[in-house]
Amino acid sequence: MLIESKMLQWNKKGIFVLTFQERSSKSKLDLRIERYHLHGVGVRFQRAINTSGEFEPGLPDTLVIHFTAGSNLASSVDVLTSPENKVSAHFAVGRNGDIVQMMPTNLIAWHAGRSNYMGRSGYNRYSIGIELDNAGQLEKRDDGLFKSWFGKSYSANEVVTAVHRNQQTPTHWHKYTDEQLLRTFDLCKVLIEHHAITTIVGHDEIAPKRKVDPGPAFPLDEFRAALLGGATTNL
Ligand SMILES: [Zn+2]
């Protein structure tokens, strides 16, 4: 996938963020939604089983961003599509920018769990769940490498050290890739254009006691500002 490097810049945490206004003003999105299904290059469909049926009229109005805390896209999609796991989500975005849709966007998935935000609870019935392939929070080892909960090691250049919005001290987080952030931005944009989306939140904002995803390595504030804050002028 072609990455437009002039559209990337560093934020204070050392995370690549988009020059979102530039990207938003470009009309050429290669993603489109037809009959609740996403189409585009690098998009495939693998059906998740767990759903609570159709959204009520006017919903979904929220996008919930997650990380998979997994080792690769295929294994995470397998977890999210297996009925026995009691979870599901609408989309997963790989580290190369590939997207797997697992649930049509008119059906409720099971990604939010117990959740509260802005006076509403149970966010599955309000939201589309987007999972990013990412190992999650990492532990620093004596040899200078960083270890995931499933035992894989990552080098320092794959890690962001930052304070989580719900925590006090810096910890270590697997970086998202530039391709993945660009593709997730475009996915959010097409969902906002197609559905009446007014809110983008992290799982760690709607379930702060239970969840740390997507964590400080995801430029959530930059996404909100570009996709929702300036919606009247940029879209
Ligand atoms: Zn989550």
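In what follows, the structure referred to is the one given above.
Residues numbered from 1 in each chain as written. Predicted model: local features only at pLDDT ≥ 70, side-chain atom pairs only at ≥ 80, totals over all residues.

A. Fine view of the nonpolar core. Counting residues in each nonpolar core, the largest one holds 47 residues, and the members touching the most others are Leu63, Val64, Phe91, Ala92, Met102, Ile130 and Cys188. Among the elements of the structure, β6 (62-67), α2 (73-81), β7 (91-93), β8 (99-101), β11 (127-132), α3 (178-194), β17 (199-202) and α5 (220-229) are those that each provide at least two residues to this core. Leave out the neighbours within four places in its chain, and valine 64 touches His111, Ala112, Tyr123, Ser127, Gly129, Ile130, Val201, His203 and Ile206. (Core = buried A, V, L, I, M, F, W, Y, C linked by C-beta atoms within 7 Å. Buried ≥ 20, exposed ≤ 12 C-beta atoms within 10 Å, placed from the backbone. Helix = DSSP H or I, 4+ residues; strand = E, 2+ residues; numbered from the N terminus. Contact = placed C-beta atoms within 7 Å.)

B. Just the sheet that holds strand β13 (residues 146-147), in detail. The strand order across the open sheet built from five strands is β14-β13-β12-β16-β15, with neighbouring strands paired in antiparallel fashion. The open sheet is flanked by β14 (153-154) and β15 (159-163), the only strands paired with a single partner. Both β13 and β14 contribute to a ladder of two bridges, which runs antiparallel. What sits directly across from phenylalanine 146, in β14, is tyrosine 154. (Pairing = 2+ DSSP bridges.)

C. Here's a closer look at the pairing of β15. Direction of pairing for β15 relative to strand β16 (residues 170-174): antiparallel, over a ladder of five bridges. When the sheet's bridge partners are listed, valine 163 is paired in β16 with proline 170. Counting the residues between successive antiparallel strands, the hairpin from β15 to β16 contains six residues.

D. Looking closely at α2. Residues Leu73, Ser76, Val77, Leu80 and Thr81 constitute the buried set of α2. In a view along the axis of α2, the buried residues occupy a sector of 125 degrees, so they form one face of it. Looking at the buried positions of α2, the neighbouring elements they touch are β7, β8 and β11. (Arc of directions from axis to C-beta.)

E. Unusual backbone geometry, seen in detail. The step from leucine 59 to proline 60 runs through a cis peptide bond, and the omega angle for that step is 5 degrees. Residue methionine 118 is not a glycine yet carries a positive backbone phi of 50 degrees.

F. Representation of the environment of phenylalanine 218. Structurally, the position occupied by phenylalanine 218 is in the loop between α4 (203-206) and α5. Judged by local crowding, phenylalanine 218 falls into the buried class, with 25 C-beta atoms found within 10 Å.

G. Molecular detail of α3. With 17 residues, α3 should cover 24 Å at 1.5 Å per step; its first-to-last C-alpha distance of 24 Å lies within 8% of that length. Most of α3 sits inside the fold, with 12 of its 17 residues counted as buried. (Expected span 1.5 Å × (residues − 1).)

H. Spatial organisation of the environment of asparagine 157. Inspection of the secondary structure assignment puts asparagine 157 in the loop between β14 and β15. Here the alpha-carbon distance between asparagine 157 and lysine 175, two residues 18 residues apart in the chain, equals 8.4 Å.

I. The arrangement of the sheet that holds β11 in detail. Pairing in this open sheet of six strands is mixed, and the strands run β5-β8-β7-β11-β6-β17 from one edge to the other. With partners counted over all chains shown, the strands left at the sheet margins are β5 (43-45) and β17, one partner each. Neighbouring strand axes in the sheet, compared pairwise and without regard to direction, differ in orientation by 25 degrees on average. Judged from the three bridges that link them, β7 and β11 form a sheet pairing that is parallel. Of the residues in β11, the one forming a bridge with phenylalanine 91 is isoleucine 130. Where α2 meets the sheet, it contacts β7, β8 and β11, and its direction lies at approximately 165 degrees from that of β7. (Axes fitted to C-alpha atoms, helices over the stretch in contact; angles between N-to-C directions.)

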